[in-house]
Amino acid sequence: MGQAFGCIQVDQSTVAIREVFGKFDAVLNPGCHLMPWCIGMQTAGILSLRVQQLDVRCETKTKDNVFVTVVASIQYRALAEKASDAFYKLSNTKEQIQAYVFDVIRASVPKLELDSVFEQKNDIAKAVENELEKAMSHYGFEIVQTLIVDIEPDEHVKRAMNEINAASRMRVAANEKAEAEKILQIKRAEGEAESKYLSGLGIARQRQAIVDGLRDSVLAFSSNVPGTTSKDVMDMVLVTQYFDTMKEIGASSKSSSVFIPHGPGVVRDIASQIRDGLLQGQAV
């Protein structure tokens, strides 16, 4: 409609290419411009000056023969002062950029092993940006930024890498678990040793107390009952302990007991056996 009245409106962040009878005449900046069609003026096209983005997926092989897909994100824009070059010199800007990206990535990645590709992705992006900058500046385009946004190894390789990582972590976990169990066993052994030591002290003190008690009993009984000997006192003590033991066995319904021949007359035999054993041990 604007050209019908001999004028044209150019929007912000765009430029228009004006031709006269098919020949380039001028670059029209944003605003309103006269366009008298009667003298052969016409608009050849509109060129955007906004930053555009192109994502390029490139499949290649690393030095250790692993196929990877590298995704590069290219941000570029047309230069206003070179708008005519950007409009006329390239028929398909995106395909041209993609070809340069393929060339640089497939020349850089095969020199690196897979781990190095991940570590040096910034270097790869810089190499792509430098190559694009040199090539596209002749066509009126500026490369704003080049990013390597993703590196995708083959699915089998990714699974193998994950398994290696998982195995490594499991090995570390197993070592930590074994170390913890070792510490528990050491602490448990130290506790058992301390418990046995204290139990031994308790048994020794108990036996010492029994010996002291028996000695005091024998001395007290001998002094209070004239005519008694130490043997008589020990026989009486054995009888008393014998009946105490029988009482404890009978009082518990869950006790496991071994019955031996017994009776009041057997106590003397038991005392004789104990005394004979002690005497034989001393003789040896």
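Right above here is the structure, for reference.
Quantities reported herein were computed from a predicted structural model and do not represent experimental measurements.

For the rest of this paragraph, the subject is a negative patch on the surface. A grouping of Asp64, Glu113, Asp115 and Glu119 is seen on the molecular surface, where their side chains present a negatively charged patch. Relative to the helices and strands, glutamate 119 is located in helix α3 (residues 114–119). By relative accessible area, which is 63% here, glutamate 119 ends up exposed.

Moving on: the sheet that holds strand β6 (residues 52–61). Ordered in space as β6-β7-β8, the three strands form an open sheet in which the pairing is antiparallel. Strands with a single pairing partner mark the edges of an open sheet, and in this sheet they are β6 and β8 (141–153). Ignoring which end each strand starts from, the neighbouring axes of this sheet average 20° apart. Against the sheet, helix α2 (residues 93–108) makes contact with β6, β7 (67–78) and β8, and its axis sits at roughly 35° relative to β6, the strand it touches most. Helix α4 (residues 121–136) contacts β7 and β8 of the sheet and is inclined by roughly 145° relative to β8.

Looking now at the pairing of strand β2 (residues 14–20). Strand residues, when the strand is regular, have side chains that alternate between the two faces of the sheet. Burial of β2 is extensive: six of the seven residues sit out of reach of the surface. Of the strand pairs in this sheet, β2 and strand β5 (residues 41–48) are connected by seven bridges, and their pairing is antiparallel. Pairing of isoleucine 17 across the sheet is with glycine 45, part of β5. Both β2 and strand β3 (residues 23–28) contribute to a ladder of five bridges, which runs antiparallel. What sits directly across from valine 20, in β3, is lysine 23. Counting the residues between successive antiparallel strands, the hairpin from β2 to β3 contains two residues, one of them, phenylalanine 21, with a positive phi of roughly 55°.

The next point concerns α4. Taking 1.5 Å of rise per residue, 16 residues should cover 22 Å, and α4 covers 22 Å from first to last C-alpha, within 8% of that figure. Listing the buried residues of α4 in full gives Ile124, Ala125, Val128, Glu129, Leu132, Ala135 and Met136. Seen end-on, α4 carries its buried residues on one side only, within an arc spanning 135°. Residues of α4 that are exposed and angled more than 90 degrees away from the buried face: Asn122 and Lys134.

Another aspect to go through is the packing of α2 against α4. Here α2 crosses α4 at 140°, and the two axes come no closer than 9 Å. Of the possible angle classes, the one that applies to α2 and α4 is oblique. Both α2 and α4 take part in a crossing whose hand is right-handed. Together, Thr93, Gln96, Ile97, Tyr100, Val101, Val104, Ile105 and Ser108 of α2 and Ala127, Val128, Glu131, Leu132, Ala135 and Met136 of α4 make up the contact between the two elements. For the contact of α2 with α4, the residue count by class is 10 nonpolar, three polar and one charged.

This brings us to the pairing of β7. Burial within β7 is extensive, with nine of its 12 residues counted as buried. By the bridge criterion, 10 bridges tie β6 to β7 in an arrangement that is antiparallel. For arginine 57, the partnering residue across the bridge sits in β7 and is valine 71. Joining the antiparallel neighbours β6 and β7 is a turn of five residues, in which asparagine 65 adopts a positive phi near 60°. Bridge count for β7 against β8 is 11 bridges, and the pairing is antiparallel. Bridge pairing links valine 70 to isoleucine 151 in β8.

Each value, and the rule that gives it
- Residues numbered from 1 in each chain as written.
- Predicted model: local features only at pLDDT ≥ 70, side-chain atom pairs only at ≥ 80, totals over all residues.
- Heavy atoms only, no water.
- Patch = residues over 30% accessible without salt bridge, like charges linked within 9 Å, V, L, I, M, F, W, Y side chains within 5 Å.
- Areas by Shrake-Rupley, 256 points an atom, 1.4 Å probe, with all protein chains shown as cover.
- Salt bridge = Lys/Arg side-chain N within 4 Å of Asp/Glu carboxyl O.
- Lys, Arg positive; Asp, Glu negative; His and termini not counted.
- Charge placed at Lys NZ, Arg CZ, Asp CG, Glu CD.
- Helix = DSSP H or I, 4+ residues; strand = E, 2+ residues; numbered from the N terminus.
- Buried < 20%, exposed > 50% of the residue type's maximum accessible area, 1.4 Å probe, protein only.
- Pairing = 2+ DSSP bridges.
- Axes fitted to C-alpha atoms, helices over the stretch in contact; angles between N-to-C directions.
- Contact = heavy atoms within 4.5 Å.
- Expected span 1.5 Å × (residues − 1).
- Arc of directions from axis to C-beta.
- Parallel < 35°, antiparallel > 145°, perpendicular 65-115°, else oblique.
- Left-handed = near helix turned anticlockwise from the far one by under 90°.
- Nonpolar A, V, L, I, M, F, W, Y, C, P; charged D, E, K, R; others polar.

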